[in-house]
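# Observations on the three-dimensional arrangement
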Amino acid sequence: MSTPRQPTGGSGGNGRRPVPRSGAPRAQSGSGRSQPAKGQPAKAQPVRSQPPKGQPAKAQPARSQSAKAQPAKSASVGRTPRAPQQRRPEGRPPARSQAAVRPRSRPSSRPKALKLAEPKRRLRVITIVLSLVFSVFAGRLVQLQLVDADALAADANTNRYLNIPITAERGSITSSDGVALAATVDAYDITADPAMFTPEATGIPDAPEQAAALLSPILGVPREKIAADLHTPKSRYKRLAAQQTPAAKKQISDLKSGLEKQAGSRACQAQKKLLGKPADQGGRTRVDNECANPLAGVFNRETQKRIYPADGLAANLVGFVNAEGEGAGGLELQYQKLLAGKDGHSSYAQSGGRLVPTAGGSMEPAVAGSDVKLTVNRDIQWAAQRAITDQVANSGAEKGYVVVQDVKTGQVLAMASAPGFNPNDLSLSKPEQLGNPALVDAYEPGSTAKLMSLAAVLDTGKATWDTKVTVPYPLVRAGQQFKDDVFHGTWYLTLAGVLAKSSNIGTIEAVETLGDGDQLKANQVLDGYMRKFGVAQPTGLGFPGEAQGMLKKPEDLVASEKYNISFGQGPMQMNALQATSVYSTIANGGVRVAPSIVQGVTDPNGAYTPTAPGEQTRVVSPETAKTLTSMLESVVDDEQGTGGKAAIPGYRVAGKTGTANRGAANGVGYDGYTASFIGFAPADAPRYTVSCTLQGPVNGHFGGQLCGPVFKQVMEFTLKTMQVPPSGSPAPNLAVEWKP
């Protein structure tokens, strides 16, 4: 038989020659065929060949890299079918073989039976898996509850809920036309959590000092104070500075963000991981300063700042707030509860200074304060303030004040004081300038009080305006000499002349008629009228520090006090609004209307509630009031009157000058003068009363000379501002003298 040809390319098609088994001769190279060793039968190749006809041949599996030589060629009878190709590696040429192979058998069409899993085995596997899961959970619980309990508790200490107060928006104080005299703008409180400044929390031992060095120049707060506040780790909340501007808040936020970014670098994070570890493991006791963020525990809380848009306009009346934003003077203090509203609070969880949004929290919203609308007219207030400020400077007075009042309603249209202050910067003012002397000062009014004495005389029918009064110089009573402000011989005056020339002696003689020779009875009648005019009685404003004044009881008057009181000296004191109200009472036909300064209040819901009208009290009859008005006109219009500088062209003016000895600061004796003028206009149809008072002037001291011009300036401006038409009739020009 012929030997079959060896397939081209070697066994398995890999191009390598087969390695012969040990003891077998190597096939000769170059022949292209492989001969079996002598005496050895030939081994079939991996490619199957067709057996000779009539002899079934058993197929042998192809063996790669065979070590035996293959027979050269197999005998075949008839036509040999082509053997199927074997799967070959990609990229190699197929190994062709002429050996016959068995035809491919057809797959069986009978389906295979499904073999179900064993239930016991499945249950066993599930049990094992669940046991492993529960073991992991149990181990973790043991770790949390026992092994790491202390460490976790320490970490939780920095993840607590913080309660942050929410400041209610403070209500505004506005003038009568709704323009804000005191308002609130956005500001920020700079706060801190001292527990976040410990060495354990920051990784550095001096975090409070580093934070103080960064914050002090921005907040304007000493480093020592900031550091001391941050050295209180048991406290979770400290306010470092209040009512900072948005610019200061942004500067701190930018600085904090920069430090946070720097501390979050990989190198810094690596340092933090080494904190607390043993030294042999490269542990550290602190991080580098570059890797610390000493401002991580600094926060800001939105709040409000009180501002006064008109600066010092009506500042003595409006008042001011303290560093906490609470009313500390004036109307700000008086209406603190109404203006402040009700603060709320917010509670939230924080971790490392950051809000934890999924941890929940609570919030009670703040309720805004109410707005207070005053009766003050901004323009008139400005004119009054300018006039009194200039005259205080010109006269060298210690202080002065002007009050403007509506005679019909009792509303105060202006209340100006000098020197004033700017509530936006209290550091520029002295403590004594922060009050409202028009209400706080109680002084002896002097000759302006003569109006009440003569009102009692006229209203009781003891005299008329033209009653003849002989005025000697001096007058002796109770062993004391009483004089007028100028030396004179005997004056022959009418009662109107006594008022026009402001005679102390003539007033004493007129009041004596009230008692028909009994001075105690006369003083009792006078005391009753003075109290009805409002002397030593509360004005009803309730202003903080307001002086009620003083009026000694008639039974307690001694010696000269029995007579001094009739012309406004001695045992009586008033504030400027009380004195103004006396003249408004006469201007209103003898009816006193309680003064008011607040026009109404607007609550947080926008509902406006007007202030109830002032209480009205009849003090003197309309006839007495009319007569007194004509007598007061003589003070301004008559050549012998003391108030000529208060005259206003086109308007009839009724008023009275006042020059009083000023009580000494220590309460003993007198020191200096109080100069004043009070009047109303138009006298034929009164609308407004204006009073001017100067305390301690040195460049002159007579009320007509110093306060007359101030009255004229303010009253003229008021009449024009309120569009009051000029007088339509001339003054009566009552006689002030009589010939004996």
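Note that the structure is a prediction, hence the values are computed from the model and not measured.

Counting its regular elements, the protein contains 21 helices and 26 strands. Across the 740 residues in the protein, those meeting the buried criterion constitute 44%. Sequence-distant contacts, at least 24 apart, represent 72% of the contacts inside the protein between residues at least 6 apart.

Once that is clear, we can look at the state of the cysteines. Per the stated rule, a full pass over the model turns up two disulfides. Here cysteine 268 connects covalently by a disulfide to cysteine 291, the sulfurs 2.1 Å from one another. Between cysteine 268 and cysteine 291, the S-S torsion sits near -70°, and that sign places the bridge as left-handed. Of this pair, cysteine 268 sits in helix 7 (residues 266-273) while cysteine 291 sits in the loop between helix 7 and strand 5 (298-307), placing them 23 residues apart in sequence. One exposure class covers both cysteine 268 and cysteine 291, and it is buried.

A general feature of soluble globular proteins is that nonpolar side chains tend to end up buried together. In terms of nonpolar packing, the biggest core is built from 89 residues, with Leu374, Met452, Leu495, Met572 and Met631 touching the most fellow members. With near-sequence residues (within four places) excluded, leucine 374 lies in contact with Ile173, Thr174, Ser175, Ser176, Leu181, Val318, Leu331, Ile597, Val598 and Gln599. Ile380, Ala387, Ala675 and Val710 belong to the second largest nonpolar core, which has 32 residues in total.

This part takes up the pattern of salt bridges. Oppositely charged side chains can form a pair if their charged atoms are brought close together. Under the criterion given, the structure shown has 17 salt bridges. Glutamate 332 is the salt-bridge partner of arginine 306, the closest N and O atoms lying 2.9 Å from each other. Taken together, the positions of arginine 306 in strand 5 and glutamate 332 in helix 9 (residues 330-334) put the pair 26 residues apart, joining distant regions of the chain. For arginine 306, a relative accessible area of 8% translates into the label buried.

Here the focus is unusual backbone geometry. In this structure, the amide linkage connecting tyrosine 473 to the following residue, proline 474, adopts the cis form with an omega of -5°. Looking at the element boundaries, proline 474 is found in the loop between strand 14 (468-471) and strand 15 (475-477). That bond from alanine 681 to proline 682 is cis: its omega, -15°, falls within 30 degrees of zero. One can find proline 682 in the loop between strand 25 (670-681) and strand 26 (688-695). Notably, alanine 314 is not glycine yet its phi reads approximately 60°, a positive angle. As for its position among the elements, alanine 314 is in the loop between strand 5 and helix 8 (315-318). Alanine 314 gets classed as buried once you look at its relative accessible area, which sits at 2%. One non-glycine residue, serine 502, adopts positive backbone phi at about 55°. Summarising the element assignment, serine 502 is placed in the loop between helix 14 (495-500) and helix 15 (504-512).

All right, on to the packing of helix 13 (residues 450-459) against helix 15 then. Orientation of helix 13 relative to helix 15, taken along the N-to-C sense of each, is 35°, at an axis distance of 9 Å. Considering only the axes of helix 13 and helix 15, their crossing is left-handed. In this structure, helix 13 contributes Lys450, Ser453, Leu454 and Val457 to the contact, and helix 15 contributes Asn504, Thr507, Ala510 and Val511. Counted by class, the contact of helix 13 with helix 15 contains four nonpolar, three polar and one charged residues.

Here we take up the packing of aromatic side chains. Here a ring pair, both rings aromatic, is described through the centre-centre distance and the interplanar angle of the planes. Within this structure, the stated rule accounts for seven aromatic pairs. Measuring from ring centre to ring centre gives 5.9 Å for phenylalanine 320 and phenylalanine 421, while their planes differ by 90°; the resulting arrangement is edge-to-face. A residue pair is termed long-range when its members are at least 10 positions apart, and phenylalanine 320 in strand 6 (residues 320-321) and phenylalanine 421 in the loop between strand 13 (412-418) and helix 12 (437-440) qualify at 101 residues. Taken individually, phenylalanine 320 and phenylalanine 421 each receive the classification buried, so the pair is uniform in this respect. Across from the ring centre of tryptophan 491, 4.4 Å away, lies the NZ or CZ of lysine 501, which sits over that ring. Note that lysine 532 overlies the ring of tyrosine 529, its terminal NZ or CZ placed 4.8 Å from the centroid.

Okay, the pairing of strand 21 (residues 598-602) next. Sheet faces and side chains relate simply in a regular strand, where the side chains alternate between the two faces. For strand 11 (residues 371-374) and strand 21, the ladder comprises four bridges, and the chain directions are antiparallel. Across the sheet, residue aspartate 371 finds its bridge partner in strand 21, namely threonine 602. Pairing analysis gives three bridges linking strand 21 to strand 22 (residues 608-610), with the strands arranged antiparallel. Note on strand 22: the bridge partner recorded for glycine 600 is proline 610. As consecutive antiparallel partners, strand 21 and strand 22 are separated by five residues, and within that stretch glycine 606 has a phi angle of approximately 90°, a positive value.

Helix length check: helix 4 (residues 207-219) (13 residues) gives 18 Å between terminal C-alpha atoms against 18 Å at 1.5 Å per residue, within 8%. At alanine 213, helix 4 is bent by approximately 30°, the largest bend along its length, and proline proline 217 sits one to four residues beyond. Next to the buried residues of helix 4 lie strand 3 (180-192), helix 3 (199-202), helix 5 (223-230), strand 4 (238-244), helix 6 (246-263) and strand 5. Downstream of helix 4 by a residue or two, glycine 220 has a phi angle that is positive, lying close to 70°.

Moving on to the side chain of glutamate 546. When you line up the elements, glutamate 546 lands in the loop between helix 16 (519-533) and strand 18 (550-551). For the buried glutamate 546, which has no salt bridge, the nearest side chain bearing the opposite charge is arginine 592, at an N-O separation of 8.0 Å. A polar atom in the side chain of glutamate 546 sits 2.4 Å from the side chain of threonine 539. The contact partners of glutamate 546, leaving out residues within four places of it in the chain, are Leu439, Thr539, Leu541 and Asn575.

Among the residues of helix 5, those classed as buried are Ile226, Ala227, Asp229 and Leu230. For helix 5, the buried positions fall inside an angular range of 160° around the axis, keeping them on one side. Of the surrounding elements, those touching the buried residues of helix 5 are strand 3, helix 4 and strand 4.

Parameters at a glance
- Residues numbered from 1 in each chain as written.
- Predicted model: local features only at pLDDT ≥ 70, side-chain atom pairs only at ≥ 80, totals over all residues.
- Heavy atoms only, no water.
- Helix = DSSP H or I, 4+ residues; strand = E, 2+ residues; numbered from the N terminus.
- Buried < 20%, exposed > 50% of the residue type's maximum accessible area, 1.4 Å probe, protein only.
- Contact = heavy atoms within 4.5 Å.
- Disulfide = S-S within 2.5 Å.
- Core = buried A, V, L, I, M, F, W, Y, C linked by side-chain atoms within 4.5 Å.
- Salt bridge = Lys/Arg side-chain N within 4 Å of Asp/Glu carboxyl O.
- Axes fitted to C-alpha atoms, helices over the stretch in contact; angles between N-to-C directions.
- Left-handed = near helix turned anticlockwise from the far one by under 90°.
- Nonpolar A, V, L, I, M, F, W, Y, C, P; charged D, E, K, R; others polar.
- Phe/Tyr/Trp six-rings, centres within 6.5 Å; stacked < 30°, edge-to-face > 60°.
- Lys NZ or Arg CZ within 6 Å of the ring centre and 35° of its normal.
- Pairing = 2+ DSSP bridges.
- Expected span 1.5 Å × (residues − 1).
- Bend = angle between axes of the 7 residues up to and from the residue.
- Lys, Arg positive; Asp, Glu negative; His and termini not counted.
- Polar contact = N/O pair within 3.5 Å; in protein donor to acceptor, adjacent residues only side chain to side chain.
- Arc of directions from axis to C-beta.

Everything listed here is a matter of coordinates, which is why it stays silent on function.
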